[in-house]
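Single-letter residue listing:
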Amino acid sequence: SQTRQVWTSSQAAMFNHDTSYTKYARHGFLFLRDHMWDKVYGGFFNLRSRNGGYIDESYRDEKRAYGNSFAIYALVSYYRLTRDTSALGYAKRTFLWLEKFSHDKKYGGYMDPLERDGTWLMKVKPSKKRPDSPVNHWKDYNSSIHLLESFTELYKVWPDSLVRTRLHEMLTLVRDTFAGRKGYLTLYFSVHWKPVSYRDSGTQTILRNKEFDHVSFGHDIETAYLMLEASHALGLSQDTLTLRIARSLVDHALATGFDLKHGGFFYEGYYFPGRDTITIIDREKSWWVEAEGLNSLLLMSKIFPSDNKYPEAFLKQWQEIDSFLIDKEHGGWYISGLEENPEARTAPKASIWKANYHDSRALMNCIRLFRNENELVEPFKQLAGQIYR
């Protein structure tokens, strides 16, 4: 949450040419540096109190690859804004801390939940609830796609050979293992890359464990964008495979998870055994899913200008956001669309998970796309012309 707000404040300062945001970004950077960085073992804590101390909500002093990835993302953004080399220094230190402790040297990828000293939680003897959690023993989609995201940005300002190696590794894993050619992400894998699935366990077991095994339309459409960014940063000029997989993620989400009546993407779906079509198991229109949908649909409409489904869906997507997500009276976005969740009208506008990164990024990216300022469009548009004739 803290890192996402540092990222957004930095981006807003640069996008709007408004230095008033710079002081917010610096305030956030100093809090990260002084209160969330572990001065003993390195790396950023997952949760801390306002004065940097321990809080009971966390499992001891755990750290996450997920949170440290967002720290890299924020620190690079703040460095771009201020040219403060200490921020870039912390980004480099965070990357190297992940390399030392989180990266799996044998099977590739990264483990997300870690002890304070960097020990994988899966190796800790259960003493509280965290080590018993199944996710402690798996590699997950969420930290993986955001490591891809942060390594992309880090490589742009620090073109180190190891950063390039890890960025390419994560692009390959996300594209070929998590996404593959199915059109949607598999969410969890064993350390040895065996997919976690409850599909053969019966409907009730599937639903009880759906947080570990479902189709996440929002992550699919977000991952499409993140893969294209990574490929472009690596300079893979003829990367037809990444473009095809990115398009398949967007196309699958559009075909199976898009609300044709109101617009917007539903939250979760599942392919139950014996059924040819997907079943929507969570109809929520989460604000972050709709923001990522807006961004990816407009990007696809620019890369594939002859395919009318993308601009048509983009307009319907914006209609849903404008009608059901934006609070016209008090400002900001509701946490989910009112057409499916009218109670969201009085729900908190911000929380530990509802920061301002998804919606701000989507809106800034869409404006850049309309201004023809997005660096992804032309190279991938040319590539699309070669492979889709």
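Structure's up top.
Residues numbered from 1 in each chain as written. Predicted model: local features only at pLDDT ≥ 70, side-chain atom pairs only at ≥ 80, totals over all residues. Heavy atoms only, no water.

Engineer: I'd love a proper account of the sheet that holds strand S7 (residues 279-282), names of residues and values included.
Structural biologist: If you trace the three strands from one edge of the open sheet to the other, you get S5-S6-S7, paired in antiparallel fashion. Of all strands in the sheet, those bounded by a partner on one side alone are strand S5 (215-216) and S7. In terms of strand pairing, strand S6 (residues 268-270) meets S7 through three bridges, oriented antiparallel. Paired with glycine 269 across the two strands is isoleucine 280, which belongs to S7. (Pairing = 2+ DSSP bridges. Helix = DSSP H or I, 4+ residues; strand = E, 2+ residues; numbered from the N terminus.)

Engineer: Describe the packing of aromatic side chains, and please don't skip the residues or the numbers.
Structural biologist: Note on aromatic pairs: each is described by the distance of the centres and the angle between the planes. Throughout the structure, instances matching the rule amount to 29 aromatic pairs. Here tyrosine 141 and tyrosine 188 contribute two aromatic rings whose centre-to-centre distance is 5.8 Å and whose plane-to-plane angle is 85°, an arrangement assigned as edge-to-face. Of this pair, tyrosine 141 sits in helix H5 (residues 141-157) while tyrosine 188 sits in strand S4 (residues 188-190), placing them 47 residues apart in sequence. Tyrosine 188 shares its class with tyrosine 141; the two are buried. When the ring of phenylalanine 178 is compared with that of tryptophan 193, the centres are 5.7 Å apart and the planes differ by 90°; the resulting orientation is edge-to-face. Taken together, the residues phenylalanine 178 in helix H6 (residues 161-179) and tryptophan 193 in the loop between S4 and helix H7 (203-208) connect sequence positions 15 residues apart. Residue classification places phenylalanine 178 among the buried positions, given a relative accessible area of 0%. Residue tryptophan 193 is classed as buried on the basis of its relative accessible area of 17%. The rings of Trp7, Tyr66, Phe70, Tyr73, Trp353 and Tyr357 are connected pair by pair, giving a single aromatic cluster. (Phe/Tyr/Trp six-rings, centres within 6.5 Å; stacked < 30°, edge-to-face > 60°. Buried < 20%, exposed > 50% of the residue type's maximum accessible area, 1.4 Å probe, protein only.)

Engineer: Can you lay out helix H2 (residues 20-36) for me, pointing to particular residues and giving the numbers?
Structural biologist: Here H2 is 17 residues long and its end C-alpha atoms lie 24 Å apart, about the 24 Å a rise of 1.5 Å per residue gives. Here H2 has its buried residues at Ala25, Gly28, Phe29, Phe31, Leu32 and Met36. All buried residues of H2 fall inside an arc of 160° around its axis, so they share one side. Turned more than 90 degrees from where H2 packs its buried face, Lys23 and His27 sit exposed. For H2, the elements touching its buried residues are helix H1 (2-16), helix H3 (65-82) and helix H4 (85-101). (Expected span 1.5 Å × (residues − 1). Arc of directions from axis to C-beta. Contact = heavy atoms within 4.5 Å.)

Engineer: Account for unusual backbone geometry, naming residues and giving values.
Structural biologist: Although it is not a glycine, tryptophan 193 adopts a positive phi angle of roughly 70°. Phi at asparagine 372 takes a positive value of approximately 60°, unusual for a residue other than glycine. Here asparagine 372 lies in the loop between helix H12 (357-370) and helix H13 (377-387).

Engineer: How would you explain the environment of phenylalanine 178 if you had to name every residue and give the values?
Structural biologist: For the pair formed by phenylalanine 178 and serine 133, sequence separation is 45 residues and the distance between their alpha carbons is 21 Å. Phenylalanine 178 has contacts with Lys139, Asp140, Tyr141, Ser144, Leu173, Tyr184, Leu185, Thr186, Leu187, Phe189 and Trp193, leaving out every residue within four places of it along the chain.

Engineer: Lay out empty space enclosed by the protein with the relevant residues and their values.
Structural biologist: Applying the stated rule across the entire model yields one cavity of 30 Å³ or more. In this structure, the largest cavity encloses a volume near 30 Å³. Elements represented by at least two residues in the lining of the largest cavity include exactly H1 and H3. At four residues, the largest contribution of residues to the lining of the largest cavity is made by H3. A class-by-class count of the residues in the lining of the largest cavity yields three nonpolar, two polar and two charged. (1 Å grid on protein atoms, 1.4 Å probe; cavity = no way out; pocket = protein on both sides within 12 Å on 5 of 7 lines; lining within 4 Å. Points joined across faces, edges and corners; volume = space filled by probe spheres on them. Nonpolar A, V, L, I, M, F, W, Y, C, P; charged D, E, K, R; others polar.)

Engineer: With reference to specific residues and values, describe the environment of asparagine 46.
Structural biologist: Along the chain, the position of asparagine 46 falls in the loop between H2 and strand S1 (63-64). Among the residues examined, asparagine 46 registers a relative accessible area of 28% and is labelled partly exposed. Taking the C-alpha atoms as reference, asparagine 46 lies 7.5 Å from aspartate 61; in sequence the two are 15 residues apart. The contacts of asparagine 46, once residues within four sequence positions are left out, are Met36, Glu62, Lys63 and Arg64.

Engineer: Mind laying out the nonpolar core, listing which residues take part and the relevant values?
Structural biologist: Generally speaking, soluble globular proteins have nonpolar side chains that are buried together. With 114 residues, the main nonpolar core has Leu148, Leu154, Leu228, Leu243 and Phe265 as its most contacted residues. Those residues in contact with leucine 148, other than ones at most four positions away along the chain, are Leu167, Met170, Leu171, Val174, Leu226, Met227 and Ala230. (Core = buried A, V, L, I, M, F, W, Y, C linked by side-chain atoms within 4.5 Å.)

Engineer: Run through the layout of surface pockets, naming residues and quoting values.
Structural biologist: Considered as a void within the structure, the second largest pocket measures approximately 460 Å³ in volume. Lining of the second largest pocket is provided by 18 residues; of these, Gln11, Glu153, Lys156, Glu229 and Arg368 occupy positions nearest its centre. Looking at the lining of the second largest pocket, the elements that each hand over two or more residues are H1, H3, H5, helix H8 (217-234) and H12. When its residues are assigned to classes, the lining of the second largest pocket shows seven nonpolar, three polar and eight charged.

Engineer: Describe the pattern of salt bridges, with residues and values.
Structural biologist: For the structure on display, the rule yields 27 salt bridges. The salt bridge involving arginine 26 is made with aspartate 84; its shortest N-O contact spans 3.8 Å. Of the two residues, arginine 26 is situated in helix H2 and aspartate 84 in the loop between H3 and H4; the sequence distance between them amounts to 58 residues. The class of arginine 26 is partly exposed, set by a relative accessible area of 37%. Between arginine 175 and aspartate 239 there is a salt bridge, with its nearest N and O atoms 3.7 Å apart. Taken together, the positions of arginine 175 in helix H6 and aspartate 239 in the loop between H8 and helix H9 (240-257) put the pair 64 residues apart, joining distant regions of the chain. (Salt bridge = Lys/Arg side-chain N within 4 Å of Asp/Glu carboxyl O.)

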